[in-house]
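# Residue-level structure breakdown
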Amino acid sequence: MASNLPVEVVTHIMKYLGVSDRKEASLVNRTWYEASLDPILQRDLVVTFSSSRKCDDPITDFGRRRNPNVILDQLDGSSRSKELLLKSCQHMGPNLQMVSFRGSDITENIFFSFLIHCNSLIKLDLSCCNALFMSGKLLEKEMDRSKLKHVLKHLKELNLSSIRQISDETFNRITSVAPGLEVLSLELCTLWFQSTAYLSRGRGASRNSGSSNILSFDNLVNYLKQQCPTFKSINLSRTAINDESLEVLAEIPGLYLKELHLDTCKELTDKGLACALRKQTKLEVVDCRSCSEVGNGTIMAITEHLPNIRQINLRQCLRITDTSVAGLCNIPSIRKLDLSPCHDVTTKGLILGLSSPTISGLTQLSLNGCNAVSDKFVFSMSGVLKNLEKLDLSSCFSITDVSVHAISKNLKYLTHLNLGWCKHITDAGLLGLVNDKILKHEHDALCKCMRKMDKSDVFKFYHPTMAKIDPVPVLLNEKEIKELQRQQQEEGQIYPISNLARLQVLNLEAIPSITDISLTQVITFKELRTLNLTMCKKLSDATLFRIATGAPSLEELSIGQCTKITDNGLYLVLKSLQRLTSLHVTSCDLLTDKTVSRIAEKCKRLRHLDVSFCSLITEEAMDVLESHLQHLTDVKKRYITMAEYVMV
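These figures come from a predicted structure and were not determined experimentally.

Basis of the calculations
Residues numbered from 1 in each chain as written. Predicted model: local features only at pLDDT ≥ 70, side-chain atom pairs only at ≥ 80, totals over all residues. Heavy atoms only, no water. Core = buried A, V, L, I, M, F, W, Y, C linked by side-chain atoms within 4.5 Å. Buried < 20%, exposed > 50% of the residue type's maximum accessible area, 1.4 Å probe, protein only. Helix = DSSP H or I, 4+ residues; strand = E, 2+ residues; numbered from the N terminus. Contact = heavy atoms within 4.5 Å. Lys, Arg positive; Asp, Glu negative; His and termini not counted. Salt bridge = Lys/Arg side-chain N within 4 Å of Asp/Glu carboxyl O. Polar contact = N/O pair within 3.5 Å; in protein donor to acceptor, adjacent residues only side chain to side chain. 1 Å grid on protein atoms, 1.4 Å probe; cavity = no way out; pocket = protein on both sides within 12 Å on 5 of 7 lines; lining within 4 Å. Points joined across faces, edges and corners; volume = space filled by probe spheres on them. Nonpolar A, V, L, I, M, F, W, Y, C, P; charged D, E, K, R; others polar. Phe/Tyr/Trp six-rings, centres within 6.5 Å; stacked < 30°, edge-to-face > 60°. Axes fitted to C-alpha atoms, helices over the stretch in contact; angles between N-to-C directions. Parallel < 35°, antiparallel > 145°, perpendicular 65-115°, else oblique. Left-handed = near helix turned anticlockwise from the far one by under 90°.

Ranked by internal contacts, the top residues of the largest apolar core, which has 167 residues, are F101 and L160. Broken down by element, this core gets its largest block of residues, five residues, from helix α9 (residues 217-227). Counting six residues, the second-largest nonpolar core is a separate cluster that includes V10, M14, A35 and L41.

Set out below in structure tokens:
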């Protein structure tokens, strides 16, 4: 009956499926495969092939994909690479929208021969292609530039990251063939911020063409002045840009940026950023992560001058405190926020800034490593930010089962949840139970964590009453949990983590208190793609049996250092989870070569495998596995067989 459905109907059905489900559906029959190639479904497709591919392999089918994105991996200047490129562009070139040459060792001739066929190209990635720029002769001929300029008239994004050999001349040539460029990345490029008036020029180079030796900031500014009517985004991450240079860039007449990426720019301070943000009021994305001198001044400038801001990334900006975070409630347009790990941000500031209905549109929040985050904030936030899709609270050591209960109850749209290293979470929290026995950090003055104590009390004599305050929650046994479940079921107050039906990524790494008691009941996620249970040492085969049946869409599984896992438990996982592409079983000492042979038999899609420190797995078995599974591209097998001696 499925084969009788019209292709259009099948395509419409596939619009509601995820990528993995769509791949499975395309294997039903020829009609469904044709439906899966519809351009509506292929917008984000990436086809990756390398020079090791046989030239007689069928690549004509690529031409049927209307808008593919292609990553050309491990290509060199050999005749075989050139033959493969020319053959592929014959079928795909007219429909290509994105091409990545990242890290490829290609020549100017191959580069030109491929791009000349790409009339619809929108994105071009040349990052790490140092060989292409080394000679300085890229697009040296005026005729070649004029041809490419006509072909690349639709090009909007250009990535030149990590190119050490780029100069003003080569930069000007390659940007001249993309008159409509809107997005430019120069991350990790050696950009000179001194005046080019004092720098020597190559022989025959005119003043307008720039230096033939270095890429100067003055040359970049001149380019932006010409391109400002269409230009929208620039990435100067990991360069030596300072406050003065950033101000010069922000003051370019007619330049209205929407995205500004300044990751790990150590010379920037709040002063320079605040000045730039006052000028570029149309910014929607600001990325200043790992800028060590950036703090409250930047957030205040964002709050005051950027009414349309959607994404703020201030990861590793350790100078941020409650003073500025409290003002985030005045940015109703914000959708993504990363403040991890800002240690001076506390529950008080977060409640004022992120528990307001004015920012209820927030969809992604990362507070990884914010140690001062408590249950009080999570409880308050979850009642307001009900549209959250991604939440990262990993290494927030103070949160307990109360937070898990609030998340499971209110955040029903979550697709990504990271609770790794939250060591106070127990089975009761995952099961949706909250009881009075769970101890929390409510008495900060008596808490053993010195960071929460008054400075004058740190070196005071230890008082016996402090022994009564234990921040570690009381663990309930199976009998107590069942009794608590019975009581709360009558009250209708049970909200297990399985209530998050849309969950695709779940990280419970290094939570020592969770056991089979909870996981065998709550793992019922039909859309779960990634599950991390590393260092949950109390888990056994019972949890694996539940994973095999309760998470049928699982693609990545990490159960490293779960020392109770055996061959029998893992066998059902390998047998049932046909989509598995990544498996990490580090230090699982009960696994043997039997598991390795079963992986070879059952895991037809496995690409990443880590069996390091598995003492009962032998080198011989791994060699057979690698020869049998050609698609297994990443294998880690450190200290296998003799792992028990190394660990001693």
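Let us look at the environment of N368. Structurally, the position occupied by N368 is in the loop between β14 (364-366) and α15 (375-382). Given the relative accessible area of 18%, N368 is considered buried. Considered as a pair, N368 and L339 are 29 residues apart in the sequence and their alpha carbons are 7.6 Å apart. Contacts of N368, omitting those with residues within four sequence positions, involve R315, S340, P341, D392, S394 and S395.

It is worth spelling out the side chain of D516 at this point. Tracing the sequence through the fold places D516 in helix α19 (residues 516-522). Buried and unpaired, D516 has K564 as its nearest opposite-charge partner, separated by 6.7 Å. Engagement of the side chain of D516 in a polar contact is seen with the side chain of T543, the distance being 2.4 Å. Setting aside anything within four residues of it in sequence, one finds D516 in contact with K538, L539, S540, A542 and T543.

Under the criterion given, the structure shown has one cavity of 30 Å³ or more. Quantified by volume, the largest cavity comes out at close to 40 Å³. Taken together, F111, L115, L124, L139, L148, L152, L155, L158, I174 and V177 form the lining of the largest cavity. In terms of residue class, the lining of the largest cavity is made up of 10 nonpolar, no polar and no charged.

The next point concerns the packing of aromatic side chains. The geometry of an aromatic ring pair is captured by the separation of the ring centres together with the interplanar angle, meaning the angle of the planes. Applying the stated criterion across every chain, the model contains six aromatic pairs. Arranged with centres 6.5 Å apart and planes meeting at 85 degrees, the rings of Y223 and F231 form a pair that is edge-to-face. Grouping residues by exposure puts Y223 and F231 together as buried. Arranged with centres 5.4 Å apart and planes meeting at 35 degrees, the rings of F613 and Y639 form a pair that is tilted. Note that F613 is positioned in the loop between β21 (608-610) and α23 (619-628) and Y639 in the loop between β22 (634-636) and α24 (643-647), a separation of 26 residues in sequence. Exposure remark for F613: the relative accessible area of 17% places this residue in the buried category.

Inspection of the entire model under this criterion finds 21 salt bridges. The salt bridge partner of R579 is E24, with a shortest N-O separation of 3.9 Å. Placement of R579 in the loop between α21 (567-576) and β20 (582-584) and of E24 in helix α2 (residues 19-25) is noted, with a sequence separation of 555 residues between them. With relative accessibility at 14%, the residue R579 sits in the buried group. Relative accessible area serves as the criterion here: at 25%, E24 is assigned to the partly exposed category. Through salt bridges with shared partners, a single ionic network connects D21, E24, R529, E555, R579 and R605.

For the rest of this paragraph, the subject is the packing of helix α14 (residues 347-354) against α15. Between α14 and α15, whose axes approach to 9 Å, the crossing angle comes to 5 degrees. Taken as axis vectors, α14 and α15 run roughly parallel relative to one another. Contacts between α14 and α15 involve T347, L350, I351 and L354 on the former and, on the latter, K376, F377, S380 and M381. Of the residues assigned to the contact of α14 with α15, the class counts are five nonpolar, two polar and one charged.

This part covers the packing of helix α8 (residues 168-176) against α9. The N-to-C vectors of α8 and α9 enclose an angle of 20 degrees; their axes lie 10 Å apart at closest approach. Here α8 is positioned roughly parallel relative to α9, judged by the angle of their axes. Judged by the twist between their axes, the crossing of α8 over α9 is right-handed. In contact with D168, F171, N172 and T175 of α8, α9 contributes N219, L220 and Y223. Residues that form the contact of α8 with α9 fall into these classes: three nonpolar, three polar and one charged.

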